[in-house]
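# Report on the structure
The lines below spell out each chain.
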Amino acid sequence: MSALPFTPFTGPLPPGWTEHTGPNGVKYYFHANTQESTYVRPLPPPPSNTVKPKKEKPSTKTPIPGTDWLRVKTNEGNTFYFHPVNKTSLWTVPPEIKEAVEAFERASADPIEQERNREVERVKAEVEALVKRKADDGNEPDSRVSKKAKVEDEEESESSDDDGPEEDWEKEAAEQLAAEAKKAEEEAAARKIQQKVEEELAKRQKADLKIPDRVDLSIDEAKALFKTLLREKDINPLHPWDSCLPLFVSDPRYVLLPSVAARRDAFDEYCRERARELRSLNTKQEKEPVDSKAEFERLLSSEVKSTRTSWSEFRRTWKKDRRFYGWGRDDREREKRFREFLKDLGEKKRAASQKAEADFFALLKQSKISPEGNGKKWGHIKRSLSRDPRYDAVGSSSLREELFNTFRKAQLGDVEMQDAPKPEDDNKSPSTSKAAESLTSRKERALKEREDKVKAERSRMEASIDRSRNELNKEEGEREFKTLLTDAIREPQLTWEDALPQLQTDPRFTNSILPLNQQLHLFHSHVSHLRERHIKGLYALFESYAPTLASKFDSLPLDSLLSSLPATKLGYDSRNVQQDFEKWQRERTTNARTAFDEMLTENAFVEFWGRLGKIGGEGVDGGVKADDLGEGEGEGGGGTVDMKALAKNVDVGEMEKVLKASNDKRYIMFEHVPEQREKWIRSCQCPRDLHPRQTISAGVECISASFAMRLLPPILLSLSLFSSLVGAEENVLKERHDYQSDVARLRKIVINSLYSHKEIFLRELISNANDALEKLRLTSLTDKTVWDGSDNLNITIKAVKNEGGPGGAIIITDTGIGMTPEDLKKNLGTLAKSGTSEFLSQAEGQDSTGTGNLIGAFGLGFYSSFLVADRVEVASLPPPSKAYPEPVQHVFASSADESAFDVFPDPRGNTLGRGTEITLYLKDDAFEYLETTELTRLVNKHSSFSSSFPIYLFTQRTEQVPEEVEPTEEPVETPAEDTSASEEEKPEAEPFDEDEGIVEDVIEEKEEPVPEPPKMKDVVVDEWKQLNSQPPLWTRDPKTISDEEYQEFYKATFKDHRAPLAWHHFSGDSGSGVSFKAIIFLPAEMDPAYWQQPLEYQSKDVRLMVKRVFITNDLGEDALPKWAGWVKVVVDADDLPLNVSRETLQSNVFLRQLKQIIVKRLIQLFTRIADDEPGKWIEVQRNYGAVHKLAAVEDLKNRDKLLPLTRFATNQRDKTSLDQYLENKKKGQKQIFYLSEMGKGTKDLAKSVFVEKLDARGYEVLLLNEPLDEILVQNVRVYKTLPFQDVAKAGLKFGDEDLDAEEEKALQKEMTEKFQPLLDYLKKEAGDVVRDVVISNRLVASPCAVVADSHGYTANIQRMMSAANKANKNDDFMHEIAMKAKFLEINPRSPLIEGLLKRVEAISFVEEEGDRDLEAEGELKEVISILIDGALIRSGFDVPDTNDFFSRVDRVLRRSLGVSETAPTDTNVKPAPPVDPELPDPEELFGDDMFGGKAGIHLPDHMKEDVQIEMEEIDEFGNVVVHEHDEL
């Protein structure tokens, strides 16, 4: 804040600014919205005529005790009552809580509030009296003035008519000024009185608080009062202390706490408590039921203000709002309501506009605009009208002016008619009256034209509106009438007269706006549609009973056809059925003949004759010589052909054999007329005007030698056809036979060869039970007698073991639709008879709106029970119906080895009540399924989500309970002797002496004996445990699923005790037309086997389901890529092509698309977490960072999406992405710098010699220390046009070399010349270790470093390549070259290098060998060797000879410590024992007493007290077996 300036302006503050007094007594000003404070008084805004009305909002909510109602007070002082459950608001007190409200008001009456209300009423009465008194005092002067003005006006009007308008204006101005002055005085008086009232109330409130200047309160009391202050001010808990301080700093309770720190602490506690309260309140409000339709209506009312609003714009704006999508079945219903709302809004606006115009005309009449003032313009008149609300009701200023002009024209016309020349006005001239008449007539004519124009425009607009309304009503009426016909008319035989009484009972018919002829047209169209649909159903029955064209009507089961649904609905008798059958047969024959002709012209048919065999011959009998295409070419395998000879040898019988072998339906359809079929084959391509032999010669002559072999196949066909007409033999008569089958053997094949796993039986039987329950539910929608919803629908499984020995039975029971004896014979006694498919066809025929979750399709699932059972008994009882009013329970019994079955009444009676009970008597090799754990496993694996009905399993558990011991009667002793004895032994009471000291006896407490534990006994408890309590979460709307539900579903499905990191719930439709729903989960941690055994790891966590039935978790060739094999996915497809056993998938394009969809969604999930949840992304990187790099290497298609997900450490940051690296690159930088060394820490890499200069200059370098980092960089090489550059290789460029290129070159040349002796010496001593020695431009402090050539191996790559080439013993020449492609770079600024240069120059001066210092040269060579080996080690390479290197280091260390270099080391060690080839006895290694001869977990003695082992029962999937209570 600045210093206190002088502010002479004392006007009102601008809106939003408030004045406060700080703790030091200085005033300051604070703006709540901008959070700005200043000592300078803000200037007020310029005056504005528009005043925005303040929006009325609820301020306080008070619950009414004993009711659910709330009393809400608004910021305007209004009160209304709100019911949060029913969402009802009333401005008056509801009758049912009137007494409760009165009692609450009496109980909550505050003396201070009552006194305040009485004071306010008193002040209001004084103000009203003062205003009335002033009005009475001002009446007389005003009346005198008005009278005087009136007299003067009369006198002046007599003298001059022209001054009238000016006097009227002055009069109006005077009256307006007087009214304004009067109003200002009243407002000033009211403000003074109100100020006085507020001062008195403040004094009284201060007196009531009774807070002295210094209050001696405890810290807790002061803190409580301070929090009360914050609650009264309604401080927002999200606002900081500084912004909230001006709101309560001037209150006396602010200073109750001793320090600012205490106030801040109390403020923070208040914010936490208030935030928790608001959060709990919001949670409670969210859980309250919401009327979705009312919310949608409120959205329309609040957002749609114009009739020009379009549905597309409204939907695009609010489609993600819960108020929008929470109501309505689909967008069509919401759009319909939107159109209706626009229509109502238009009517309301039209009515409001008409009312506003009428009120405006009434305002003009009340303003008493004199006709003499017709010279006044609208601009002068509107000043006196602008304060009236009826003026603002007309929204447009131009419309107001137009209405005013219309009003003036009508007023002038009336005045002129009233002032027309009367008989007594004889003194006026005829010309004046004539002019007045012409003026009047013109005005009347203009007014009439204007009225006619307005009426015509209005009528045209109303007609257009009526047409639009009629078109909309007509379209809506047609839709409603069609819906009425769909609901009411189900019989195709119904006529209009018969249907009329039924239609008249529906309000949609009585309220329909359609004319009668249109209703008749729609009715007949609907009936025709019904008839066509049933005729199609009848044709389908014809096709099932008459598979071939040879079928006659007599061979059809006429009774079955007449009793079928289509024939019943159409009212057909046998004659009608025969007519339709003949018509269908004719159409079928025509279509079959067309298909037969198409077959004869197909290429596949021609190709056969092109490959007739090896065709030989060379111009035989004048034949055409074919072109030689070489060996193995041509349609016939090469060679030449004589066409005439070939045409004579071709026979139609051979063609028929091939067609029969191909099983082409188009050919087989005419099996009953072989002669006619042969004629069609012979005449298929023979021209009518040519003889066959003429056709042959003509065909041969027209073919040139250049392309004869290209046209050989089609010509061969025509030749063979025509030659068959010349030399075809007569056909042999054929007999037609029907296929026969051994039903018993076919049944065994179905049982033993259809399924690959016998555990499938339970899945199939549960699916059948689910279908039975679903059929019952669907049937009850139209027939409530079958099931009224009172009893539960469920499936129960019970394993019953034989008491006397092994074996037992499994009983599977459902409370579904049941079966009659005929159904048992038809559905269970017929192979491939699917009751579910038949039910679906009937449901479609009855126009059912839904078919539920029906699974069955093949009709073979029941026979899977014989996989595990020798004998199966099925007891079933259907619900009562019209056909079976009193059904009887029947049993279907069959054995696996029998070829027949029995159906008989159940001797037990109707024990089921309704439903089906299947009893499986298990085979000897299936006794394992009697265990409840095995049954639980099968249900969890295959059917945990397949049924929406509960599945219960009967289980038994053993509990220990105390034995009930009967109480024994003990002999009751007579208390007489005891009493006498006690009296005799009782000592006499001694006299009490006050002076005698009291000695207390110490009573030894006797330990109470510990009661013996009660005897326990084992009790077997029976219970029903639900196996499918976990609902199929993927079928629900993701918006209605909580995070806890997702986590529990993941743990239960994938057997992981840890919650997933993230998940993605979505649904979609593949390009192949298969819709599906799926959930992708990211596990909290990856499976260790993923990295430990990468080649053997196979993903088994993609659970593919079809209609909620588990199919497989092995997608084979269409499995996820290796990098995504760890992801856990649940996919539920609506339909997929399965084999009959439902165990494997058929080849389908959906599986290939599913792989791409999952990968795409997985990448989207990672991207969303990286962008929106940085905290979670850190955890994702910790677990899946290496996976992202592996994915970027393997998945070339998605590499551009995966690379931004990778993260790397740098010398400047812990983690960064490639995009963030590019944002931080320096100007001119054209490379992405990185340094890679596997297994080394990032801090050590940051200290590498290769990063010295880059780090010193501020360049960022990627530090790669993971195994996949180097592989990733080598595969990607370029990211967004920038190549990766290994700073350990040659070719490093900073990007600013061009700025001083000449200077750099000159300096490099100078340094090279200066250090040339050292370079040559180092190169000589290095030998093959490096290729060359150069001056470095990358080193700062280090003396030297070994750098790889651009095509050589760095240290990291060299280690990887060496490990990979260990198995390859053959020397690789290129590998050796890359290994040696290294440079030794020296730092010319290093003192060590400068010292070496001096030593080398000093030695090189001595030319003669006798004068050379050999000891100095040897020491220099040793230093140079250590320098080179040290450079290799520091650069990450291995030294050529580690023993030699450490020997040199040992000598240097000895010299530095003053130890003799030749001093020997003691190498004496103890020798080993003699050789013993015999193996030790196992008992000597592991004694018998080591483990006590028992298997188990054995701990050492020192760990037995610290380690405790607990064991729990689990199944083979790792699920903990928990014994739950009975849930049935």
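Parameters at a glance
- Residues numbered from 1 in each chain as written.
- Predicted model: local features only at pLDDT ≥ 70, side-chain atom pairs only at ≥ 80, totals over all residues.
- Heavy atoms only, no water.
- Helix = DSSP H or I, 4+ residues; strand = E, 2+ residues; numbered from the N terminus.
- Buried < 20%, exposed > 50% of the residue type's maximum accessible area, 1.4 Å probe, protein only.
- Contact = heavy atoms within 4.5 Å.
- Pairing = 2+ DSSP bridges.
- Axes fitted to C-alpha atoms, helices over the stretch in contact; angles between N-to-C directions.
- Parallel < 35°, antiparallel > 145°, perpendicular 65-115°, else oblique.
- Left-handed = near helix turned anticlockwise from the far one by under 90°.
- Nonpolar A, V, L, I, M, F, W, Y, C, P; charged D, E, K, R; others polar.
- Core = buried A, V, L, I, M, F, W, Y, C linked by side-chain atoms within 4.5 Å.
- Expected span 1.5 Å × (residues − 1).
- pLDDT = per-residue confidence, 0-100.
- Patch = residues over 30% accessible without salt bridge, like charges linked within 9 Å, V, L, I, M, F, W, Y side chains within 5 Å.
- Areas by Shrake-Rupley, 256 points an atom, 1.4 Å probe, with all protein chains shown as cover.
- Salt bridge = Lys/Arg side-chain N within 4 Å of Asp/Glu carboxyl O.
- Lys, Arg positive; Asp, Glu negative; His and termini not counted.
- Phe/Tyr/Trp six-rings, centres within 6.5 Å; stacked < 30°, edge-to-face > 60°.
- Disulfide = S-S within 2.5 Å.
- Charge placed at Lys NZ, Arg CZ, Asp CG, Glu CD.
- Polar contact = N/O pair within 3.5 Å; in protein donor to acceptor, adjacent residues only side chain to side chain.

This part covers the overall build of the chain. Looking only at helices and strands, the chain has 51 helices and 28 strands in total. The 1528 residues of the chain split such that 34% are buried. Once local pairs closer than 6 in sequence are excluded, the contacts in the chain between residues at least 24 apart make up 69%.

Spatially, 5 strands are ordered 16-17-20-18-19 in an open sheet, and the strand pairing comes out mixed. Sheet topology places strand 16 (1062-1069) and strand 19 (1109-1112) at the edges, where each strand pairs with a single neighbour. Sheet twist, expressed as the average angle between the axes of neighbouring strands with direction ignored, equals 20 degrees.

A few words on the packing of helix 49 (residues 1414-1434) against helix 50 (residues 1442-1457). Put simply, helix 49 and helix 50 touch, their axes get as near as 10 Å, and they point 120 degrees apart. Classified by the angle between their axes, helix 49 and helix 50 sit oblique to one another. Of the two elements, helix 49 crosses helix 50, and the hand of that crossing is left-handed. Side by side, helix 49 and helix 50 meet where Glu1422, Ser1425, Ile1426, Asp1429, Gly1430 and Ile1433 of the first sit next to Phe1445, Arg1448, Arg1451, Val1452 and Arg1455 of the second. In the contact of helix 49 with helix 50, the residues fall into 4 nonpolar, 2 polar and 5 charged.

Let us now look at the sheet that holds strand 4 (residues 58-63). Overall, antiparallel pairing links the 4 strands, which are arranged 4-5-6-7 in an open sheet. Each having just a single partner strand, strand 4 and strand 7 (88-90) make up the two edges of the open sheet. Pairwise comparison of adjacent strand axes, ignoring direction, gives a mean angle of 25 degrees for this sheet. In terms of strand pairing, strand 4 meets strand 5 (residues 70-74) through 5 bridges, oriented antiparallel. Bridging across to strand 5, Pro63 finds its partner in Leu70.

Moving on, we come to the nonpolar core. One broad trend across soluble globular proteins is that nonpolar side chains are buried collectively. One finds Leu1082, Trp1123 and Trp1126 to be the most contacted residues of the largest nonpolar core, which totals 75 residues. Beyond its immediate stretch of four places on either side in the chain, Trp1126 contacts Leu1082, Pro1083, Met1086, Tyr1090, Tyr1097, Leu1162, Phe1166, Tyr1184 and Val1187. Ile760, Ile810, Leu824 and Leu922 belong to the second largest nonpolar core, which has 43 residues in total.

With that out of the way, let us pick up helix 49. Taking 1.5 Å per residue, 21 residues should reach 30 Å; helix 49 reaches 30 Å between its end C-alpha atoms and fits that length. Among all positions of helix 49, only Ala1416, Glu1417, Leu1420, Glu1422, Ile1424, Leu1427, Ile1428, Asp1429, Ala1431 and Leu1432 are buried. Phi turns positive one or two residues past the end of helix 49, at Gly1436, with a value near 100 degrees.

A few words on unusual backbone geometry. Positive phi is not limited to glycine here, since Lys1055 has a value of about 55 degrees. Within the secondary structure, Lys1055 sits in the loop between helix 35 (1043-1054) and strand 16. Of note in this structure, Lys1280 is not a glycine but carries a positive phi near 55 degrees. If you trace the backbone, Lys1280 turns up in the loop between strand 24 (1278-1279) and strand 25 (1282-1286).

Looking now at the pairing of strand 6 (residues 79-83). When strand 5 meets strand 6, the two strands line up antiparallel, connected through 4 bridges. Paired with Val72 across the strands is Phe80, a residue of strand 6. Bridge count for strand 6 against strand 7 is 3 bridges, and the pairing is antiparallel. In the strand pairing of strand 7, Tyr81 is matched with Leu90. Here strand 6 folds back onto strand 7, and the loop between the two strands holds 4 residues, one of which, Lys87, carries a positive phi near 60 degrees.

Moving on, we come to the confidence of the model for the chain. Across the chain, the average pLDDT comes to 74, with 71% of residues at or above 70. Put simply, helix 27 (residues 692-701) is where the chain has its lowest mean pLDDT, 36, and strand 13 (residues 915-922) is where it has its highest, 94. Scored below 50 in pLDDT, residues 1-9 shows 9 contacts in the model against residues more than four places distant or in partner chains. In this model, residues 207-213 is a region of pLDDT below 50 whose contacts with residues beyond four sequence positions or in other chains number 2 contacts.

Further remarks concern a nonpolar patch on the surface. Together, Met1503, Val1507, Ile1509 and Met1511 give the surface a local cluster of nonpolar side chains, amounting to about 390 Å² of exposed area. Mapped onto the secondary structure, Met1511 falls in the segment after helix 51 (1482-1485).

In a regular helix each residue adds 1.5 Å, so 14 residues correspond to 20 Å; helix 48 (residues 1391-1404) covers 20 Å between its end C-alpha atoms and thus fits that length. Residues of helix 48 that are buried sit in contact with helix 44 (1301-1314), helix 45 (1316-1326), strand 28 (1382-1386) and helix 49.

Here Arg1199 is to be found in helix 39 (residues 1199-1202). We note that Arg1199 is buried and unpaired, the nearest opposite charge coming from Asp1200 at a distance of 6.6 Å. When near neighbours in sequence (up to four residues on either side) are disregarded, Arg1199 contacts Ala1192, Val1193, Asn1275 and Val1276.

The subject of this paragraph is the packing of aromatic side chains. For the structure shown, the criterion picks out 45 aromatic pairs. Ring centres of Trp311 and Phe314 lie 6.2 Å apart, and the angle between their planes is 40 degrees; this geometry places the pair in the tilted category. Taken together, the residues Trp311 and Phe314, both in helix 9 (residues 311-318) and 3 residues apart, mark about one turn of the helix. For the pair Trp311 and Phe314, one class covers both residues: buried.

This part takes up the state of the cysteines. For the structure on display, the rule yields 0 disulfides. Cysteine Cys244 shares no disulfide, and the gap to the nearest cysteine sulfur, in Cys271, comes to 6.6 Å.

Right, let's talk about a negative patch on the surface for a bit. A contiguous patch of negative charge on the surface is contributed by Asp870, Asp897, Glu898, Asp902 and Asp924. Among the structural elements, Asp924 can be located in the loop between strand 13 and helix 33 (932-943).

Attention shifts here to the pattern of salt bridges. A side chain of one charge can pair with a side chain of the opposite charge when the charged atoms of the two come close. The final tally for this structure, using the stated rule, is 56 salt bridges. In this structure, Glu1173 and Arg1168 form a salt bridge, with 3.4 Å as the shortest nitrogen-oxygen distance. Note on Glu1173: relative accessible area 26%, which makes it partly exposed. Under the relative-accessibility criterion, Arg1168 is labelled partly exposed at 34%. In this structure, Arg1182 engages Glu1179 in a salt bridge whose closest nitrogen and oxygen atoms are separated by 2.5 Å. A residue pair is termed a helical-turn pair when its members lie 3 or 4 positions apart in one helix, as Arg1182 and Glu1179 do in helix 38 (residues 1174-1194) at 3 residues. The partly exposed category is assigned to Glu1179, whose relative accessible area is 30%. Taken together, the shared-partner salt bridges connect Lys223, Lys227, Glu269 and Glu273 into one network.

Once that is clear, we can look at the environment of Val1400. Note that Val1400 resides in helix 48. On the basis of relative accessible area, Val1400 is assigned to the buried category, the value being 6%. Separated by 79 residues in the primary sequence, Val1400 and Tyr1321 place their C-alpha atoms 7.5 Å from one another.

What follows deals with the environment of Trp1091. In this structure, Trp1091 sits in helix 36 (residues 1089-1092). For Trp1091, a relative accessible area of 40% puts it in the partly exposed group. Along the chain, Trp1091 and Val1187 lie 96 residues apart, while their C-alpha atoms are 10.0 Å from each other.

The contact between helix 45 and helix 48 brings their axes to 9 Å, and the two run at 85 degrees. Judged on the interaxial angle alone, helix 48 and helix 45 are roughly perpendicular. Across the interface between the two elements, Pro1317, Leu1318 and Tyr1321 of helix 45 pack against Ile1393, Leu1396, Leu1397 and Val1400 of helix 48.

Let us now look at the environment of Gln1274. If you trace the backbone, Gln1274 turns up in helix 43 (residues 1267-1276). Since its relative accessible area comes to 26%, Gln1274 is described here as partly exposed. Expressed as a C-alpha distance, the spacing of Gln1274 and Val1193, which sit 81 residues apart in the sequence, is 9.2 Å. With residues near it in sequence (within four places) discarded, Gln1274 still touches Tyr1234 and Ile1357. Looking at Gln1274, its side chain comes within polar contact range of the side chain of Glu1270, at 2.8 Å.

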